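Structure assessment
Each chain, written out:
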Amino acid sequence: MQLRTPKRYQRGGKPRRGMPWRLLFLLVITALAVAAGITVYENQDEFAPQVSTMVADVMNNAGDSIATARAPEPTPTQDPTTNINRADEAWMRGSVEEAVDVYEELMPSVPNNIGIHYRYTLGLIMYDRESDAIEAAENTVTANPFSPDAWSIRARAYSTAGNYGEAIASALHALEIASPQAVEANPDMMAPARARALASLAETYYELDQYQRALTTANQALDVYPDSSEAYYTRGLIKWLSPNLIDREGALVDFEIAYDLAPSYHYIASDMMYLNDELASIEGDSSYTESAIALAETVLESNPDYPRILQFLGDYYFSEVGDFNQAADYFTRCTQANPELANCHYLLGRSFMRLEQYTNARTSFDNAIANASEGEFFLSRYYWWAAQSVILLDNDCSTALTYL
């Protein structure tokens, strides 16, 4: 599938090309920020006071929120137990969309339930709702600032959003709470928590292109807790996409183990689909594609608005089947599920181009441009196709040039 461009995969294998000086300046600033994050890790003793101050500020804010919170006037309310059970049951059967909706409704009734906060935040991360996930992660820490899982999910949310300094600091604090001594004293609770913290740290290292360190950290997580879905997933990601460490078959095995351990973590299924598709192209074996489609359809049954699955199926019908109406249907559903996903707007526009619906195509490309992050790798492609749609629609070269 040549059109697919999942957000998390845009980091690897990018061709070099020219760029405007403003974009170059932004990239330099970003590189300096990333280097600073690595420096914090490599000089933990020296920077520990600063990191501790940041963590202390977050914990103090959480403490202030709790201390100044005024209990609402008692009113007749439904016992939340029924809805908690309903949400947990939905989560366990893989209906993450339903679970997240119910968890959100439950928040006021159970403000300190760390399990609900954790799953709600993870659900938002799965659905690429980055800003909502960060807010939810902060609320998770507020709910229980002494929970290592609260800090691990905060690390995950910030890493997903590209704020790697906050991610590293949060993961390191989670590891302080779930220390080796804590694991020894309470292995049933703290061993999985320490593994999750190490997995979050490993994924951040991967995002920072520290591939060997990421792999070592993921293996450490599995040493602590061999049934860590998060650690298997992160190790699979590293094996799949890290230069000089590529082991696609090994990555697929890790993904399969991770998904068996946590069948509600549909981001694992999403990556398994794209990896299967890649292996189908490399090995010339259509059974990989068949596995990917079957997995996508299974996840979509219980999560009909999951954007990553909708995009994958849209890619499949566009590139493999050549059914552009079906592709447009999936991409339309993707943009409705999350209107901020620029790439789904772009792919919808490409489908409309093949259907010769140039007005709709231009609208989709404009939406892709409007929702693209500054410096996004495929932004120039969005502009180019928008110009093409204008030319084919009105033969208006002057307007087309405004996109170029």
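Residues numbered from 1 in each chain as written. Predicted model: local features only at pLDDT ≥ 70, side-chain atom pairs only at ≥ 80, totals over all residues. Heavy atoms only, no water.

Concerning the state of the cysteines
Under the counting rule described, the total for this entry stands at 1 disulfide. Disulfide pairing is shown between cysteine 334 and cysteine 344; the S-S distance is 1.9 Å. For the disulfide bridge between cysteine 334 and cysteine 344, the dihedral angle about the S-S bond is near 65 degrees, and by the sign convention the bridge is right-handed. Highlighted residues: cysteine 334 in helix α17 (residues 324-337) and cysteine 344 in helix α18 (residues 342-354), separated in sequence by 10 residues. A residue is classified by how much of its surface remains accessible, and cysteine 344, at 0% relative accessible area, is buried. (Disulfide = S-S within 2.5 Å. Helix = DSSP H or I, 4+ residues; strand = E, 2+ residues; numbered from the N terminus. Buried < 20%, exposed > 50% of the residue type's maximum accessible area, 1.4 Å probe, protein only.)

A word on the nonpolar core
Core analysis: the biggest nonpolar cluster contains 118 residues, and Met126, Tyr265 and Ile268 have the highest contact counts within it. At 9 residues, helix α14 (residues 266-283) tops the list of elements feeding residues into this core. Beyond its immediate sequence surroundings of up to four residues, tyrosine 265 is in contact with Trp91, Tyr118, Leu122, Met126, Ser229, Glu230 and Tyr259. With 6 residues, the next largest nonpolar core counts Val183, Met190, Ala191 and Ala193 among its residues. (Core = buried A, V, L, I, M, F, W, Y, C linked by side-chain atoms within 4.5 Å. Contact = heavy atoms within 4.5 Å.)

With respect to the packing of α14 against helix α15 (residues 286-302)
A pair of packed helices is characterised by two quantities: the angle between their axes and the separation of those axes. Following both chains from N to C, one finds α14 and α15 inclined at 160 degrees, their axes separated by 7 Å at the closest point. Here α15 runs roughly antiparallel to α14, going by the angle between their axes. Read as a crossing pair, α14 and α15 show a hand that is left-handed. Judged by residue contacts, His266, Ala269, Met272, Met273, Asn276, Asp277, Leu279, Ala280 and Glu283 of α14 engage Tyr288, Thr289, Ser291, Ala292, Leu295, Ala296 and Val299 from α15. Class assignment of the residues belonging to the contact of α14 with α15 gives a composition of 10 nonpolar, 4 polar and 2 charged. (Axes fitted to C-alpha atoms, helices over the stretch in contact; angles between N-to-C directions. Parallel < 35°, antiparallel > 145°, perpendicular 65-115°, else oblique. Left-handed = near helix turned anticlockwise from the far one by under 90°. Nonpolar A, V, L, I, M, F, W, Y, C, P; charged D, E, K, R; others polar.)

A short note on a nonpolar patch on the surface
A surface patch of nonpolar side chains, about 210 Å² in accessible area, is lined by Val253, Ile257 and Leu261. Inspection of the secondary structure puts isoleucine 257 in helix α13 (residues 248-261). By relative accessible area, which is 31% here, isoleucine 257 ends up partly exposed. (Patch = residues over 30% accessible without salt bridge, like charges linked within 9 Å, V, L, I, M, F, W, Y side chains within 5 Å. Areas by Shrake-Rupley, 256 points an atom, 1.4 Å probe, with all protein chains shown as cover. Salt bridge = Lys/Arg side-chain N within 4 Å of Asp/Glu carboxyl O.)

A word on the environment of alanine 387
Mapped onto the elements, alanine 387 comes out in helix α20 (residues 379-394). Placed 13 residues apart in sequence, alanine 387 and alanine 400 show a C-alpha to C-alpha distance of 4.3 Å. Beyond its immediate chain neighbours, meaning those up to four positions away, alanine 387 contacts Ala400, Tyr403 and Leu404.

Describing the confidence of the model for the chain
On average, the chain scores 85 in pLDDT, and the residues at 70 or more come to 81%. Taken together, the stretch residues 2-34 has pLDDT below 50 and engages in 47 contacts with residues farther than four places along the chain or on a different chain. Of the regions scoring below 50 in pLDDT, residues 62-76 engages in 5 contacts with residues more than four places distant in sequence or in other chains. (pLDDT = per-residue confidence, 0-100.)

Description of the side chain of serine 242
Tracing the backbone shows serine 242 in the loop between α12 (229-241) and α13. A polar contact is formed between the side chain of serine 242 and the backbone oxygen of isoleucine 238, at a distance of 2.9 Å. With near-sequence residues (within four places) excluded, serine 242 lies in contact with Tyr206, Tyr211 and Leu237. (Polar contact = N/O pair within 3.5 Å; in protein donor to acceptor, adjacent residues only side chain to side chain.)

Remarks on the pattern of salt bridges
The final tally for this structure, using the stated rule, is 13 salt bridges. What you see here is one network of salt bridges that share partners, running through Glu89, Arg93 and Glu98.

Quick notes on helix α6 (residues 130-143)
Three or four residues apart is the spacing at which side chains of an α-helix point the same way, because the helix has 3.6 residues per turn. Helix length check: α6 (14 residues) gives 20 Å between terminal C-alpha atoms against 20 Å at 1.5 Å per residue, within 8%. By the burial criterion, the buried members of α6 are Ala133, Ile134, Ala136, Ala137, Thr140, Val141 and Ala143. (Expected span 1.5 Å × (residues − 1).)

Comments concerning helix α16 (residues 307-321)
Here α16 spans 20 Å end to end across 15 residues, near enough to the 21 Å set by a 1.5 Å rise per residue. In terms of residue burial, α16 counts as a mostly covered element, since 12 of its 15 residues are buried. Of all the positions in α16, only Pro307, Arg308, Ile309, Leu310, Gln311, Phe312, Leu313, Gly314, Asp315, Tyr316, Tyr317 and Phe318 are classed as buried. For α16, the secondary structure elements touched by its buried residues are α5 (114-126), α14, α15, α17 and α18. Remark: glycine 322 follows α16 within two positions and exhibits a positive phi of approximately 75 degrees.

Observations regarding a negative patch on the surface
Judged by side-chain charge, Asp247, Glu249, Glu256, Asp260, Glu283, Asp285 and Glu290 come together as a negatively charged surface patch. It is α13 that provides the largest number of residues to the negative patch, a total of 3 residues. Inspection of the secondary structure puts aspartate 247 in the loop between α12 and α13. For aspartate 247, a relative accessible area of 34% translates into the label partly exposed. (Lys, Arg positive; Asp, Glu negative; His and termini not counted. Charge placed at Lys NZ, Arg CZ, Asp CG, Glu CD.)

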